[in-house]
Amino acid sequence: MSRWLEPMRAALAEAAAAGVSGDVPIGAVVVDADGAIIGTGRNVREQDADPTGHAEVVALREAARVRGEWRLTGCTLVVTLEPCTMCAGAVVLSRVDRLVFGAYDDKAGAVGSLWDVVRDRRLNHRPEVVSGVLADESAALLDSFFARHRS
């Protein structure tokens, strides 16, 4: 688990930047087999008026551009919040070896909370899942953001 602390801190920095720009503070990074960050992403739905502008999708797209191919075999996606169904599908389709996430999402999570897309035996790819990495920090960013928007 300590192996994922540094990449998760990078994802948390992306999340904080998303929150500053008015988007829900979720961040993601893609790490290659050597531990280098090859893709970063933060929520940009509000900023770009893009319903697919989730942190995971943004990070996966950047990593694919860097690698010059859509298959991200050997890579790990690190994200601050449990992916939704769209992003869990993108995880499977991108062929990342591993998904690491911080906080669970009881309202929309698709990696164990409401659904478990990435472990569905009917799919042709099932990445390893590591959950709970810096979960308190991830949840605190979200809690703070929503508290400001409710008041």
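Model, not experiment: these values are computed from the prediction.

Q: Honestly, the overall build of the protein in this entry has me stumped. Any pointers?
A: Helix and strand counts for the protein stand at 5 helices and 5 strands. In sequence order, the protein lays out its α and β elements as α-β-β-α-α-β-α-β-β-α. Against the globule reference of 15 Å for 151 residues, the protein gives a C-alpha radius of gyration of 14 Å, in line with a compact fold. Taking the principal axes of the C-alpha coordinates as reference, the protein spans close to 45 × 35 × 30 Å. Expressed as a percentage of its 151 residues, the buried residues of the protein come to 47%. A sequence separation of at least 24 residues applies to 57% of the contacts in the protein between residues at least 6 apart. Carbon and sulfur atoms form 50% of the exposed surface of the protein, whose accessible area is close to 7,600 Å².

Q: Looking at this model, I keep getting lost on unusual backbone geometry. Mind explaining?
A: Generally, phi is negative for residues other than glycine and the peptide bonds are trans, each holding for most cases. With a phi close to 70 degrees, Arg-95 is a non-glycine residue in the positive phi region. At Leu-134, a residue that is not glycine, the phi angle is positive and equals roughly 50 degrees. Along the chain, Leu-134 falls in the loop between strand S5 (128-131) and helix H5 (135-150). Residue classification places Leu-134 among the buried residues on the basis of a relative accessible area of 15%.

Q: Can you walk me through helix H4 (residues 85-94) in this structure?
A: Working note: α-helix, 3.6 residues per turn, so residues spaced by three or four point in the same direction. Turning to H4, its buried residues number three or more, namely Cys-87, Ala-88, Ala-90, Val-91, Val-92 and Ser-94. Immediately beyond the C-terminal end of H4, within one or two residues, lies Arg-95, with a positive phi of roughly 70 degrees.

Q: What am I meant to see in the pattern of salt bridges here?
A: Pairing is possible between side chains of opposite charge, provided their charged atoms come close. If you walk through the whole model with that rule in mind, you get 4 salt bridges. Linking Glu-14 and Arg-42 is a salt bridge whose minimum nitrogen-to-oxygen distance equals 3.0 Å. In this pair, Glu-14 sits in helix H1 (residues 5-20) while Arg-42 sits in strand S2 (residues 37-42), placing the two residues 28 residues apart along the sequence. Overall, Arg-42 belongs to the partly exposed group, its relative accessible area being 29%. With a closest N to O distance of 2.6 Å, Asp-120 and Arg-122 form a salt bridge. By relative accessible area, which is 75% here, Arg-122 ends up exposed.

Q: Can you help me understand the nonpolar core in this one?
A: Across soluble globular proteins, nonpolar side chains have a tendency to be buried as a group. By size, the foremost hydrophobic cluster in this structure holds 31 residues, and its most contacted members are Ile-26, Val-30, Leu-60, Leu-77, Leu-99, Val-111 and Val-118. Taken together, the elements giving at least two residues each to this core come down to strand S1 (27-31), helix H3 (55-67), strand S3 (76-81), H4, strand S4 (98-103) and H5. When near neighbours in sequence (up to four residues on either side) are disregarded, Val-118 contacts Ala-88, Val-91, Val-92, Ala-110, Val-111, His-125, Arg-126, Pro-127 and Val-129. Judged by nonpolar contacts, the second largest core, of 11 residues, contains Ala-11, Leu-12, Val-31 and Val-78.

Q: What is the right way to read the state of the cysteines from this model?
A: By definition, a disulfide is the covalent link that joins the sulfur atoms of two cysteine residues. Overall, the coordinates contain 0 disulfides when judged by the stated rule. No disulfide involves Cys-84; its nearest neighbouring cysteine sulfur is the one of Cys-87, lying 3.8 Å away. According to the relative accessible area criterion, Cys-84 is buried, its value standing at 16%.

Scoring rules and cut-offs
Residues numbered from 1 in each chain as written. Predicted model: local features only at pLDDT ≥ 70, side-chain atom pairs only at ≥ 80, totals over all residues. Heavy atoms only, no water. Helix = DSSP H or I, 4+ residues; strand = E, 2+ residues; numbered from the N terminus. Rg over C-alpha atoms; globule rule 2.2 N^0.38 Å. Buried < 20%, exposed > 50% of the residue type's maximum accessible area, 1.4 Å probe, protein only. Contact = heavy atoms within 4.5 Å. Areas by Shrake-Rupley, 256 points an atom, 1.4 Å probe, with all protein chains shown as cover. Salt bridge = Lys/Arg side-chain N within 4 Å of Asp/Glu carboxyl O. Core = buried A, V, L, I, M, F, W, Y, C linked by side-chain atoms within 4.5 Å. Disulfide = S-S within 2.5 Å.

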